[in-house]
Structures are given as C-alpha cells and as structure tokens.
Amino acid sequence: MEKPGCNMHLPFQPESYIKYEIRRQDKIGDISESENRFVSLSQRKDATVFVSDMIKYLTRGKYQTNWRGVERMQSCTDAIIYEELIWEVKPATILEFGSFKGGSALWMADVCRSYELDTHVYSIDIDHSYLDPRAKANNLTFLQCDVFEIEKVLPSQMLKDLPHPWVIVEDAHVNLVNLLEYLHDFMKHGDYLLIEDTNPNTARDAGMGFIDDIRWEDLGTSKIKELRTFVARHPELYSVDTKYTDMFGYNGCWNLNGYLKRM
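Because the structure is a prediction, the values reported are computed rather than measured.

Rules behind the numbers
- Residues numbered from 1 in each chain as written.
- Predicted model: local features only at pLDDT ≥ 70, side-chain atom pairs only at ≥ 80, totals over all residues.
- Heavy atoms only, no water.
- Helix = DSSP H or I, 4+ residues; strand = E, 2+ residues; numbered from the N terminus.
- Buried < 20%, exposed > 50% of the residue type's maximum accessible area, 1.4 Å probe, protein only.
- Contact = heavy atoms within 4.5 Å.
- Areas by Shrake-Rupley, 256 points an atom, 1.4 Å probe, with all protein chains shown as cover.
- Polar contact = N/O pair within 3.5 Å; in protein donor to acceptor, adjacent residues only side chain to side chain.
- Core = buried A, V, L, I, M, F, W, Y, C linked by side-chain atoms within 4.5 Å.
- Phe/Tyr/Trp six-rings, centres within 6.5 Å; stacked < 30°, edge-to-face > 60°.
- Salt bridge = Lys/Arg side-chain N within 4 Å of Asp/Glu carboxyl O.
- Patch = residues over 30% accessible without salt bridge, like charges linked within 9 Å, V, L, I, M, F, W, Y side chains within 5 Å.
- Pairing = 2+ DSSP bridges.
- Axes fitted to C-alpha atoms, helices over the stretch in contact; angles between N-to-C directions.

Caption draft 1: Geometry of the overall build of the chain. Broken down by element type, the chain carries 8 helices and 10 strands. Considering only C-alpha atoms, the chain reaches an extent of 60 × 50 × 40 Å along its principal axes. Out of the 263 residues in the chain, the part that is buried amounts to 48%. For the chain, restricting intrachain contacts to residue pairs at least 6 apart in sequence, the fraction spanning at least 24 positions comes to 74%. Here the chain has roughly 13400 Å² of accessible surface; of this, 52% comes from carbon and sulfur atoms.

Caption draft 2: Inspection of the side chain of D110 at higher detail. Along the chain, D110 turns up in helix α4 (residues 103–114). Here the side chain of D110 touches R113 through a polar contact of 2.9 Å, side chain to side chain. When residues no more than four places from it in sequence are discounted, the contact partners of D110 are W67 and R68.

Caption draft 3: Geometry of the nonpolar core. The biggest cluster of nonpolar side chains holds 32 residues, and the ones touching the most others in it are L95, F97, I124, I150, L154, L159 and L193. Of all the secondary-structure elements, those providing two or more residues to this core are β4 (93–97), β5 (120–125), β7 (166–170), α6 (176–184), β8 (192–195), α7 (222–233) and β9 (238–241). At 5 residues, α6 tops the list of elements feeding residues into this core. I86, V111, A135 and L140 belong to the second-largest nonpolar core, a separate cluster that totals 27 residues.

Caption draft 4: Quick look at the packing of aromatic side chains. As enumerated under the stated definition, the model contains 7 aromatic pairs in all. Between Y82 and Y259, the ring centres sit 6.3 Å apart and the planes meet at 85°, which makes this aromatic pair edge-to-face. Of the two residues, Y82 sits in helix α3 (residues 76–89) while Y259 sits in strand β10 (residues 259–262), which places them 177 residues apart along the sequence. By relative accessible area, which is 1% here, Y82 ends up buried. Pairing W87 with Y115 gives two aromatic rings, centres 5.1 Å apart and planes at 75°, and the pair type is edge-to-face. With W87 in helix α3 and Y115 in the loop between α4 and β5, this pair connects stretches of sequence that are 28 residues apart.

Caption draft 5: Expanded view of the pattern of salt bridges. On inspection of all chains with the given rule, the structure shows 14 salt bridges. Between R44 and D246 there is a salt bridge, with the nearest N and O atoms lying 2.8 Å from each other. In this pair, R44 sits in the loop between β1 (38–40) and α2 (52–62) while D246 sits in the loop between α8 (242–245) and β10, placing the two residues 202 residues apart along the sequence. Look at R44 and you get buried, because its relative accessible area is 7%. Here R228 makes a salt bridge to D46, at a shortest N to O gap of 2.8 Å. On the criterion of sequence distance, the pair formed by R228 in helix α7 and D46 in the loop between β1 and α2 is long-range, its members being 182 residues apart.

Caption draft 6: View of unusual backbone geometry. Here the bond from H164 into P165 is cis, since omega is 5°, no more than 30 degrees from zero. Despite not being glycine, H173 has its phi angle at roughly 70°, a positive value. Secondary-structure assignment places H173 in the loop between β7 and α6. Given the relative accessible area of 36%, H173 is considered partly exposed.

Caption draft 7: The arrangement of a nonpolar patch on the surface in detail. Residues I80, M247 and F248 make up a contiguous nonpolar surface patch of roughly 220 Å² in combined accessible area. Take F248: it is sitting in the loop between α8 and β10. Note on F248: relative accessible area 34%, which makes it partly exposed.

Caption draft 8: Region of the structure containing the sheet that holds β1. Read from one edge to the other, the open sheet built from 8 strands follows the order β1-β9-β10-β8-β7-β4-β5-β6, with strand pairing classed as mixed. Looking at which strands have only one partner, the edges of the open sheet turn out to be β1 and β6 (140–144). Averaged over all adjacent pairs, the angle separating strand axes in this sheet is 25°, with direction ignored. Sheet topology places β9 next to β10; 3 bridges connect them, and they run antiparallel. If you follow S239 over to β10, its bridge partner there is K261.

In structure tokens, the structure reads:
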C-alpha cells in the first residue's frame, strides 16, 4: 500500500528511495504515537545536544530574523517546532507573554490563518513603545500590562471564556512561577506551555553572539529551575512533549524541556 504523500510511480525514483521514504514515514508515525512521547519533567535531564559554539553560530541568525519586515528574533529550530506544534494542536487561543516588536505574535497569527484555523493571538507586554506599527492582523491583539498584575488584562472571567485548546508562550522572563500558577487554574487537558529560553547555554542578553564587541555570557539555569518549581507542584498534570523538545536531538532547541502538555 502506498504511503500518503509518497508517489511510487515517478520513474526517476530509485527503489532505495522508495524503501527509505516508507521507513521515514513510519518513523514519523512511531514518534507521534509512542507511549514514551510524554515524559515527566523530573525524568528529564537539563542537557542539550546544542554545544556552546553551535548556539553562538545559530544566534547570529536568530538576531536577524523578521516576519513581514517586523523583528522576530526566533531560533530556526524553534520556529520549525512551533509550526509543527500549532498544526497538531490547532489552538483556538494563543497567549504570548513578551511582545517586543510584535514579530513573533504577527508570525503566529499568520501561521494560524495559513492553516485556516480560527485562532486568536493575544500578546502581552509591559511596554508597547517597541511595537512595530506593521504588527497588525485581524486575529491579533496586543495588551499592555505588567505580568506581576496579569489579572488586570486577563481577568478570571475572560480566561474562563477563552476557547481551548490554548498555546501559552512565555517569553517575558519575569515572575514565571506566579504567572503559570495563575494560568494553571484555567488550563485544560490538551493545552500547551511553551517556555522560551530555558536552555542555559543561550545568550543572557540580546545582541550577544551577534555584535562582536559584546562579550558572551550564558543565560544560566535560573529559568529552567523556575519551570521545575512550578511543575513540581503539579507533577501529574504537565508532561514534556519529547516529539518537540527532541526533534533536533535531545533538547536540540532554545526551549530546553520547555514544550509541555497539560495532561
């Protein structure tokens, strides 16, 4: 039987290509359906196949990324992971914390529209002075608020009413545990947490690894420790989705152990 997407009848395809294409498709299915796909965070190491030099090289590209002319600053590996995850989860709501210029939020809104999803993206930041005026879409709303007072723009009734599934992107880097605890009460099975920059080997500040006269300093382990603190309070309710964390090798991403499903 032919595999979907694998044309067996093209005359230039050698037999070996067809054989390996079938095995590739089978492997993709095995990863998605594996009983070991979802793993407790306590069972995961904070290790990564991304050695420091690789991260520094990839960082140069990260700081040059944009979407429709709006700065985005996202690593190439995590951009692919996001696209795959959004297609699989098909979120009705995306909550992003940390807007910067709005490129990431605009990109996610456009990706959802290209997938013909009825998704609305809400992006929250304490300061909108950096927002690019081109970061506009019908399915995108920017909200201004300090994440220490998140209930002011995301009150409980609003969160109760927002349709699921949710994808929550945390890229604000402040008050992480309290923010997640607040959102936790409104999350449901099938929602996702995407916690940015948990890889301790990534740059501490924007520009490191790109601007030559800025000395590189690692971000460190503080954020992954905060994530572990939160998950330890709800160990049965959040699992690391290894399909995404390990797509490019063990924690081969900026978001080390940072793709979690609400179980």
